[in-house]
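Structural overview
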Amino acid sequence: FLLSFSLSYLWSAGKALQNHLGFKLLHLKDRIQSVEGLLTKRRVEIPLEKIQLLDLRIPLIRRWMGYSTLYIETAAYGIADGEMRRSEGLIPMLPIQNTNEIIQKIKPQLDLDLFKTTFNKPHGRALYRAVIQGIFRSAIFAGLLYWTFKASALSILFFGLIPLSIPIAYLDWQWQGWVLSSTTIATRSGYLNRHIWLLDREKIQSVHIHQDPFMKIHGLGRVHVRVGGSELPLPLV
């Protein structure tokens, strides 16, 4: 198990260096240009008017380091490393304190300060839905670990993860939010693995509401905003 984890980490780290070493981002009047890569150089140019969605990801460890990752999405699709690639632009390590400044240069229409704007909260009933889902996932994970290792001493640790899912679910619910401005839709989710999405309202293609049977029971729904090639889910309302 530890050997597999170590090899996976080394593979991911090496792949990241190969793809992103020497990264540079240039702002050229009506477009942005990124250059990166160790053995294979990759240069991407994106017209500013073609940008539809910005996806800011701030995982816990990267957040402790003071960095985030910004995905810049257009309507283009492509194949990279054998996988479907939707994000044409990527800033792999963006200092968190420079986030608003960079976003304003990339997409001046997005007029929100991500860290000072007050976000609308999801509905209170979404909290106990999140708690139930967290307990269910933790129970399955603990059961699989116990079935794999069959160690009585470790089983206490495994099943101790189940109560831990309750505060994590609360922190996740507390972080979720959405806000509308005259030009922008912004939504955020996750606590350990934070995501913030920013969408130019002029790029909206359609809006729909989703309700599964459990959402109907709780009187909740989720709004989905679609643009070309992407979809932006809002928290439960």
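About the thresholds
- Each chain carries its own residue numbering, running from 1 in the direction its sequence is written.
- Predicted model: local features are reported for residues with pLDDT of at least 70 only, side-chain atom pairs are reported and counted for 80 or more only, and whole-chain, interface and lining totals are derived from all residues.
- Side-chain metrics rest on all non-hydrogen atoms present in the structure, leaving aside hydrogens and water.
- Here a strand is any run of E in DSSP of at least two residues, a helix any run of H or I of at least four, and the numbering for each starts at the N terminus.
- The classification of residues rests on relative accessible area computed with a 1.4 Å probe and restricted to protein chains. Under 20% of the type maximum is buried, over 50% is exposed, and intermediate values are partly exposed.
- Contact definition: two residues touch when any of their heavy atoms are within 4.5 Å.
- We get accessible surface area from the Shrake-Rupley algorithm with a probe of 1.4 Å; when it comes to residues, only the shown protein chains can shield them.
- When DSSP finds two or more bridges between a pair of strands, those strands are recorded as paired.
- Angles here are taken between N-to-C directions and fall from 0 to 180 degrees, while the axes themselves are lines fitted to C-alpha atoms, restricted in helices to the stretch in contact.
- A residue's pLDDT is the predictor's confidence in that residue, given on a scale from 0 to 100.
- Within this document, salt bridges are pairs made up of a side-chain nitrogen of Lys or Arg and a carboxyl oxygen of Asp or Glu, the two lying within 4 Å of each other.
- In this scheme Phe, Tyr and Trp rings, the latter by its six-membered ring, pair at centre separations within 6.5 Å, and the angle between planes marks the pair as stacked below 30 degrees, edge-to-face above 60, and tilted otherwise.
- By definition here, charges over rings are those cases where NZ of Lys or CZ of Arg is within 6 Å of the ring centre and within 35 degrees of the ring normal.

Along its length, the protein chain carries six helices and twelve strands. Its C-alpha atoms put the protein chain at 60 × 45 × 30 Å along the principal axes. Looking at the 237 residues of the protein chain, the share that counts as buried comes to 36%. A sequence separation of at least 24 residues applies to 47% of the contacts in the protein chain between residues at least 6 apart. Carbon and sulfur atoms form 63% of the exposed surface of the protein chain, whose accessible area is close to 14,300 Å².

Here strand β7 (residues 177–180) shows a buried face lined by G177 and V179 and an unburied face lined by W178 and L180. Sheet topology places β7 next to strand β8 (residues 184–189); four bridges connect them, and they run antiparallel. Among the inter-strand pairings, W178 is bridged to a residue of β8, identified as T187.

Let us look at the sheet that holds strand β1 (residues 24–28). A sheet is described by the order of its strands in space; here three strands give the open sequence β1-β2-β3, paired in antiparallel fashion. The open sheet has two free edges, formed respectively by β1 and β3 (42–47), since each of these has just one partner strand. Pairs of neighbouring strands in the sheet enclose a mean axial angle of 15°, with direction left out of account.

What follows deals with unusual backbone geometry. Only a minority of non-glycine residues have a phi that is not negative, and only a minority of peptide bonds are not trans. Even without being glycine, K29 reaches a positive phi, approximately 55°. Along the polypeptide, K29 turns up in the loop between β1 and β2 (31–36).

Here three strands make up an open sheet; going across it, the order is β10-β11-β12 and the pairing antiparallel. The open sheet is flanked by β10 (206–210) and β12 (230–233), the only strands paired with a single partner. Across the sheet, the mean angle separating the axes of adjacent strands is 25° when strand polarity is ignored. Direction of pairing for strand β11 (residues 222–227) relative to β12: antiparallel, over a ladder of four bridges. Within β12, the position partnered with H224 by the bridge is P233.

Right, let's get into the confidence of the model for the protein chain. Per-residue pLDDT for the protein chain averages 85, and the proportion of residues at 70 or more is 91%. Between the elements of the protein chain, mean pLDDT differs from a low of 74, seen in strand β6 (residues 83–95), to a high of 93, seen in β10.

Okay, the side chain of R129 next. Its place among the elements puts R129 in helix α4 (residues 125–149). Leave out the neighbours within four places in its chain, and R129 touches D212, F214, M215, H218, L220 and L236.

Time to look at the pattern of salt bridges. Applying the stated rule across the entire model yields seven salt bridges. Between R57 and D55 there is a salt bridge, with its nearest N and O atoms 3.0 Å apart. Close ionic contact of R226 with E231 constitutes a salt bridge, the shortest N to O distance being 2.6 Å. Its relative accessible area of 33% is what places E231 among the partly exposed residues.

Applying the stated criterion across every chain yields a total of one aromatic pair. Relative to W173, the ring of Y170 has its centre 6.1 Å away and its plane inclined at 35°; by these criteria the two rings are tilted. Of the two residues, Y170 and W173 both sit in helix α5 (residues 152–175), three residues apart, roughly one turn of that helix. For Y170, a relative accessible area of 39% puts it in the partly exposed group. Judged by relative accessible area, which is 14%, W173 ranks as buried. Against the face of Y191 rests R63, its NZ or CZ located 5.5 Å from the ring centre. Geometry around W175 places R188 over its ring, the cationic atom sitting 4.1 Å from the centre.

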